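Given next are the chains, with one letter for each unit.
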Amino acid sequence: MSKILLIGASGTIGQAVQANLGARHDVITVGRNSGTYRTDFSQLGAVAHLFEAVGKVDAIVSTAGNLHFGPLTEMTAEQFNLGLQDKLLGQVQLVLIGQKYLTDGGSITLTAGILSIEPIRNGANATAVNAAIEGFVAAAAIELPRGLRINAVSPTILTESVGVYGPFFPGFDTVSAERAARGYQRSVEGAQTGRVYRVQ
């Protein structure tokens, strides 16, 4: 049984990932407002404090990260920066700091999203951030030491989220959170690295 640190455990995907991996592993949950541990990516030093408290783990899984949705013609640099600081740099920090706390052969799984390759109106921030995450995973995979692996899961819009985000995704097929969770299972329990698992 592996010890897995799951960040964003209270979200729709996070709950599905916890249900999947928790059946076979010891899953430690982390969230902004709930979970075994609390952390906020946007707070300086928060990720370092999290790992100091948790200690060694066999896998790190992130299903967390906020983005800004809105028209490009009205978007400010501050609004665009939300996705950069939260979903992008928050997850990058998990890698930069978390690699030191992973056991040999451990894995890191980040979350991107379909907008990296399928842009939509009001989604410039999401497309930029998700594409950057995929690029970072590809580059990090060739440098991580000790047999450490890193992948990203890139789901399309979740069936459970259509009520909130559906109008942004006209004509997109949806996937269930349970199906998306299998992408994270593949990353954690498989052998590949530097991959983006597209769940569409």
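Residues numbered from 1 in each chain as written. Predicted model: local features only at pLDDT ≥ 70, side-chain atom pairs only at ≥ 80, totals over all residues. Heavy atoms only, no water.

Test applied: UniProt positions are given in the numbering used here, feature names are shortened, and annotations may be inferred rather than shown by experiment.
Under an unreviewed UniProt entry, the name given to the protein is Short chain dehydrogenase, and the organism recorded is Acidovorax facilis. The heading Sequence similarities (unreviewed entry) in the UniProt record of the protein holds the text "Belongs to the short-chain dehydrogenases/reductases (SDR) family."

1. Concerning the side chain of asparagine 125
What counts here: The helix and strand labels rest on DSSP assignments: H or I over at least four residues marks a helix, E over at least two residues marks a strand, and numbering proceeds from the N terminus. Under the scheme applied here, a residue whose accessible area is under 20% of the maximum for its type counts as buried, over 50% as exposed, and between as partly exposed, the area being computed with a 1.4 Å probe on protein chains only. Identification of polar contacts relies on pairs of N or O atoms within 3.5 Å, with a donor-acceptor requirement for protein atoms, meaning one able to donate a hydrogen and the other able to accept it, and with residues adjacent in sequence counted only if both atoms are side-chain atoms. Contact definition: two residues touch when any of their heavy atoms are within 4.5 Å.
Following the sequence through the fold, asparagine 125 ends up in helix α4 (residues 124-141). What makes asparagine 125 buried here is its relative accessible area of 0%. In this structure the side chain of asparagine 125 is engaged in a polar contact, spanning 2.8 Å, whose partner is the backbone oxygen of phenylalanine 80. Excluding residues that lie within four positions of it along the chain, asparagine 125 makes contacts with Leu67, His68, Met75, Phe80, Gly83 and Leu84.

2. Examining the pattern of salt bridges
Just so we agree on the cut-off: The working definition used for a salt bridge is a side-chain nitrogen of Lys or Arg within 4 Å of a carboxyl oxygen of Asp or Glu.
In this structure the tally under the stated criterion is 5 salt bridges. Of the charged contacts, one joins aspartate 86 and arginine 32 as a salt bridge, the two residues approaching to 2.5 Å between their closest N and O atoms. One end of the pair, aspartate 86, is in helix α3 (residues 77-98); the other, arginine 32, is in the loop between β2 (26-31) and β3 (37-38), and 54 residues separate them in sequence. For aspartate 86, a relative accessible area of 4% corresponds to the buried category. Given the relative accessible area of 35%, arginine 32 is considered partly exposed. Of the charged contacts in the structure, one is a salt bridge between arginine 146 and aspartate 104, with a shortest N-O distance of 2.6 Å. Placement of the pair is arginine 146 in the loop between α4 and β6 (149-155) and aspartate 104 in strand β5 (residues 102-111), with a sequence separation of 42 residues. On the basis of relative accessible area, arginine 146 is assigned to the partly exposed category, the value being 36%. Each of the salt bridges in this network shares a partner with another, and the network as a whole consists of Arg32, Asp40 and Asp86.

3. As for the nonpolar core
Stated formally: In plain words, nonpolar cores are sets of buried Ala, Val, Leu, Ile, Met, Phe, Trp, Tyr and Cys residues tied together by side-chain atoms within 4.5 Å.
Leu5, Ile7, Ile60, Ile108, Leu110 and Ile150 are the most contacted members of the largest nonpolar core, which has 29 residues in total. Secondary-structure elements contributing two or more residues to this core are β1 (3-7), β2, α2 (46-54), β4 (57-62), α3, β5, α4 and β6. Element by element, the count of residues in this core is highest for α4, at 5 residues. Not counting residues up to four positions away in its chain, the partners in contact with isoleucine 7 are Val30, Phe41, Leu50, Ile60, Val61, Ser62, Thr63, Ala64 and Leu94. Core analysis: the next-biggest nonpolar cluster, separate from the first, contains 19 residues, Leu6, Val175, Ala177 and Ala180 among them.

4. A word on the packing of α2 against α3
Test applied: In this analysis an axis means a line fitted to C-alpha atoms, helices contributing only their contacting stretch, and an angle means the value between N-to-C directions, from 0 to 180 degrees. When describing relative orientation, an angle under 35 degrees is termed roughly parallel and one over 145 degrees roughly antiparallel, while 65 to 115 degrees is termed roughly perpendicular and anything else oblique. The handedness criterion is simple: a crossing whose near helix is rotated anticlockwise from the far helix by less than a right angle is left-handed, and one whose near helix is rotated clockwise is right-handed. Polar here means any residue outside two lists: the nonpolar Ala, Val, Leu, Ile, Met, Phe, Trp, Tyr, Cys and Pro, and the charged Asp, Glu, Lys and Arg; Gly therefore counts as polar.
Between α2 and α3, the least distance of the axes is 9 Å, while the angle of their chain directions is 45 degrees. One element, α2, and the other, α3, form an angle in the oblique class. Of the two elements, α2 crosses α3, and the hand of that crossing is right-handed. Where α2 abuts α3, its residues Val47, Ala48 and Phe51 lie against Gln93, Leu94, Ile97 and Gly98. Here the contact of α2 with α3 is composed, by residue class, of 5 nonpolar, 2 polar and no charged.

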